[in-house]
Structures are given as C-alpha cells and as structure tokens.
Amino acid sequence: MRRVIAIAVLSAMAAASAAQAETWKPYAKTPAGLEWSYDADYSYRDQQSGKIVVLQAIGKPGATPRMGPSAPGAADGVGQVVALDCKAKTLILLSGYSPKKPLEILANWRTENPAKPKGAEDKALLDSACQGVEALPTK
C-alpha cells in the first residue's frame, strides 16, 4: 500500500512539473549584455480577443549566480505578460513582475488600447512570438 501511495505522489509531482515547464526562447539582446526571452510553453491565443498572450522575461546569459529568465515567483524572475496582435503589429502590457512584485493580470486588459512597438525589443518580440501562432493553444 505504501508503494502505491509513493508511486501516486511521484506521478503527481512529475505531472505538475511537466505542466509548469518553461521553454525560454531568446529574441533580443541589449547593449548591456542582457537577453530578453519569451516562454513558449506559456504562450497562447486568447479566445475572446484573438491576441497572442506571451510571458517574457529578462536574464543575463552565463551569469553566476544564474540570472533569469524566470517565471513569476522565482528569485530571479523579472518580466511581464504582453498581449500581441500579430496582424496589426501592436501590443498591450498586461502586467509586470519581479521578486518583490507578484504577477497580477487585470481581468479588463482586453479593453486597453494597444500600442505600437516602442523599441527594437518590442519589434523582435512581435517577430519571434508571432511565428507559428497557428499551433498555439486557445484559452
């Protein structure tokens, strides 16, 4: 009986970690050596708006100790969630996060006015995250 319980617990833990997988795809580097990435496992098409919702984070490759990219709640997690309109090439910032600020996405984000990309990083995010959007899940 203990073995059955242990196997069930281990299976549940494995499923939970697989569901929270992070596949960070780098898309832009800054002059200071920082790198922006988005989490391909988090990305999805919003059913109500049709926009692509992306979790992006900043990190420093090769830093010791490790510095991002990481999701909300991590000690080195600094980033934001953005909704992208791939056809119009616009975006809406849904929320930002850091170790001192939890991720809180407002329910009414769909009523916000989209903005044009403000810099090279925004343009690179649109270019990178909008490739293969047909394969993204709809939520």
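With respect to the helices and strands, Asp122 occurs in helix H2 (residues 120-129). For the buried Asp122, no salt bridge exists, and the shortest N-O distance to an oppositely charged side chain is 6.0 Å, to Lys118.

Moving on, we come to the pairing of strand E4 (residues 52-59). Burial analysis of E4 places eight of its eight residues in the buried class, which makes it a mostly covered element. Burial of E4 is two-sided: the residues Ile52, Val54, Gln56 and Ile58 facing one way and the residues Val53, Leu55, Ala57 and Gly59 facing the other way are all buried. Sheet analysis places strand E2 (residues 35-39) next to E4, joined by four bridges and oriented antiparallel. Looking across to E4, one finds that Tyr38 is bridged to Gln56. Pairing between strand E3 (residues 44-45) and E4: two bridges, direction antiparallel. Looking at the pairing, Tyr44 lines up with Val53 of E4.

Rules of the game
Residues numbered from 1 in each chain as written. Predicted model: local features only at pLDDT ≥ 70, side-chain atom pairs only at ≥ 80, totals over all residues. Heavy atoms only, no water. Helix = DSSP H or I, 4+ residues; strand = E, 2+ residues; numbered from the N terminus. Buried < 20%, exposed > 50% of the residue type's maximum accessible area, 1.4 Å probe, protein only. Lys, Arg positive; Asp, Glu negative; His and termini not counted. Salt bridge = Lys/Arg side-chain N within 4 Å of Asp/Glu carboxyl O. Pairing = 2+ DSSP bridges.

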